[in-house]
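The chain contents come next:
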Amino acid sequence: MRIAILADIHSNLEALEAVLGALSKTRIDRYVCVGDVVGYGADPAPCVAKVRELCDVVVAGNHDWAVAGKLSLEFFNSYAREAIGWTRSQLSPPDVAWLRELPLQHDIEGLATLVHSTVHNPAAFDYLLTSYDAHLSMAVLELPLCFVGHSHIPITFMEKGGLGFTFSDTIDLSKIDKAIINPGSIGQPRDENPAASYAIYDTAKRRVTLHRIAYDVAAASRKIEKAGLPKVLADRLHVGK
Ligand code: ZN
């Protein structure tokens, strides 16, 4: 089975469509999403519609729950807060209800755990950035593999004897005991590469590959400005920060 892992789409329809276009050229059996479908970008409703249609598992991101009124806005900076309020005004009540019902964590059939932030404290929406963060999550991770989002940085933490990390775009799972993989962000990459980032998990080959696809950043950026959202949210897409 080949599973596409989508993360941190953030209402960026241009980026999402580029990723789905690339995925349509290869065999994909199922699509899953590790959260933050909305927030920051100008197309929340079309992005929610596409994710609802395609993904059979979606876990909650902090922006998803904030838009649904399930997470306090005090945890967000002023730009994010402004975008969250605007996003709520753009979504239908059924879409908001769908966001509210997203689970924090989901295990896909003994294969992998999906969670937006960390396995050790998913409700806190902390960032999994360091080997120590990864160690805390590995300790409670029951399955050999986990996909996270949230930091918008594609990275793999892995355990084999000791704990290490890699920025490699190909992860051979047969060579490691446990891995926590962030596929990177589709709609707002923050590793100074503006191209949309996603992953494919090939269960037969026991291999995860990370991919980048350029998209029309200028169009997504213009829409953010036109919507009256903070300009910084439009500008950062160009530099991938
Ligand atoms: Zn995010």
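## Here we look at the packing of aromatic side chains
Then step 1. Summed over the entire model, instances satisfying the criterion amount to four aromatic pairs.
Then step 2. Ring geometry for Phe 157 versus Phe 165: centroids 6.1 Å apart, planes at 55°, classification tilted.
Then step 3. Above the face of the Tyr 40 ring, Arg 236 is positioned so that its terminal group lies 5.7 Å from the ring centre.

## Quick look at the coordination of the zinc ion
Then step 1. The protein atoms that coordinate the zinc ion are Asp 8 (OD), His 10 (NE2), Asp 36 (OD) and His 152 (NE2), at distances of 2.1 to 2.3 Å.
Then step 2. One can describe the donor arrangement at the zinc ion as irregular, given that its four donor atoms subtend angles of 86 to 178° at the metal.
Then step 3. Ordering the donors of the zinc ion by residue number gives the pattern D-x1-H-x25-D-x115-H. With Asp 36 in the loop between β2 (30–33) and α2 (44–54) and His 152 in the loop between β6 (145–147) and β7 (155–160), the pair connects residues that are 116 residues apart, well separated along the chain. Exposure class is identical for Asp 36 and His 152. Each is buried.

## As for helix α6 (residues 131–140)
Then step 1. Looking only at α6, the buried set comprises Asp 133, Ala 134, Ser 137 and Met 138. Down the axis of α6, the buried side of the element spans an arc of 135°, and every buried residue falls inside it. Within α6, the exposed residues directed more than 90 degrees away from the buried face are Tyr 132 and Ala 139.
Then step 2. Residues of α6 that are buried sit in contact with β7, β8 (162–166) and β10 (178–182).

The rules behind these values
- Every chain begins its residue count from 1, and numbering advances along the sequence as written.
- Given that this is a predicted model, residues contribute local features only at a pLDDT of at least 70 and side-chain atom pairs are listed and counted only at 80 or more, while totals for whole chains, interfaces and linings are drawn from all residues.
- Heavy atoms throughout the structure, all of them, feed into the side-chain values; hydrogens and water do not.
- For Phe, Tyr and Trp, rings pair up if their centres lie within 6.5 Å, where Trp contributes its six-membered ring, and each pair is then called stacked (planes under 30 degrees apart), edge-to-face (over 60) or tilted (otherwise).
- Working rule: Lys NZ or Arg CZ, within 6 Å of ring centre, within 35 degrees of ring normal, means a charge sits over the ring.
- Any N, O or S atom lying within 2.8 Å of the metal counts as a donor, with the limit raised to 3.2 Å for Na, K and Ca; because water is left out of the atom set, some sites can appear incomplete.
- A site with four donors is called tetrahedral when every donor-metal-donor angle falls between 85 and 135 degrees; four donors are called square planar, and six octahedral, when opposite donors sit more than 155 degrees apart and all other angles fall between 65 and 115; any other arrangement is irregular.
- Counting from the N terminus, the helices are DSSP H or I runs at least four residues long and the strands are E runs at least two residues long.
- Burial classes follow relative accessibility: with a 1.4 Å probe on protein chains only, a residue under 20% of its type's maximum area counts as buried, one over 50% as exposed, and anything between as partly exposed.
- An arc is given here, and it is the one of the directions from the helix axis to the C-beta atoms.
- In this analysis, two residues are considered to be in contact whenever any of their non-hydrogen atoms come within 4.5 Å of each other.

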